[in-house]
Amino acid sequence: MNLKVEIVKDFRKEGLYDEYQYDGVNIYILNSLILKKDVYIFMYPKIPFMKPIFDAKGIEIKQY
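Residues numbered from 1 in each chain as written. Predicted model: local features only at pLDDT ≥ 70, side-chain atom pairs only at ≥ 80, totals over all residues. Heavy atoms only, no water.

## Side note on the overall build of the chain
So, point 1. The helix and strand tally for the chain stands at 0 helices and 4 strands.
So, point 2. Counting from the amino terminus, helix and strand elements in the chain follow one another as β-β-β-β.
So, point 3. Expressed as a percentage of its 64 residues, the buried residues of the chain come to 6%.
So, point 4. Total accessible area on the chain stands at roughly 6,200 Å², and carbon and sulfur atoms take up 55% of it. (Helix = DSSP H or I, 4+ residues; strand = E, 2+ residues; numbered from the N terminus. Buried < 20%, exposed > 50% of the residue type's maximum accessible area, 1.4 Å probe, protein only. Areas by Shrake-Rupley, 256 points an atom, 1.4 Å probe, with all protein chains shown as cover.)

## Quick look at the pattern of salt bridges
So, point 1. Following the criterion strictly, the structure yields 1 salt bridge and no others.
So, point 2. Between Glu 60 and Lys 36 there is a salt bridge, with the nearest N and O atoms lying 3.0 Å from each other. Within this pair, whereas Glu 60 is found in strand 4 (residues 54-61), its partner Lys 36 is found in strand 3 (residues 33-43), the two being separated by 24 residues in sequence. (Salt bridge = Lys/Arg side-chain N within 4 Å of Asp/Glu carboxyl O.)

## With respect to the environment of Ala 56
So, point 1. Examined against the element boundaries, Ala 56 turns out to sit in strand 4.
So, point 2. For Ala 56, a relative accessible area of 12% corresponds to the buried category.

The values are spatial; any link to function lies outside them.
This is the structure in structure tokens:
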């Protein structure tokens with residue numbers, strides 16, 4: 001599973017995303033994904049001259 005993180009000032013969720021908030025940051029997760037009881041989204045230590053790298057635990061893809 002790939003995690004795509006974007007910093008957006010005016011995000012239009014258009015019914016495709018569920019909205020959560022953590023430490024004053026709005027987080028939008030595609031509502032077709034399964035969230036387990038404990039979800040963790042975290043950033044790896046920053047490497048100079050590279051974009052931040054994020055990962056997530058506790059989010060799964062629905063199996064059809």
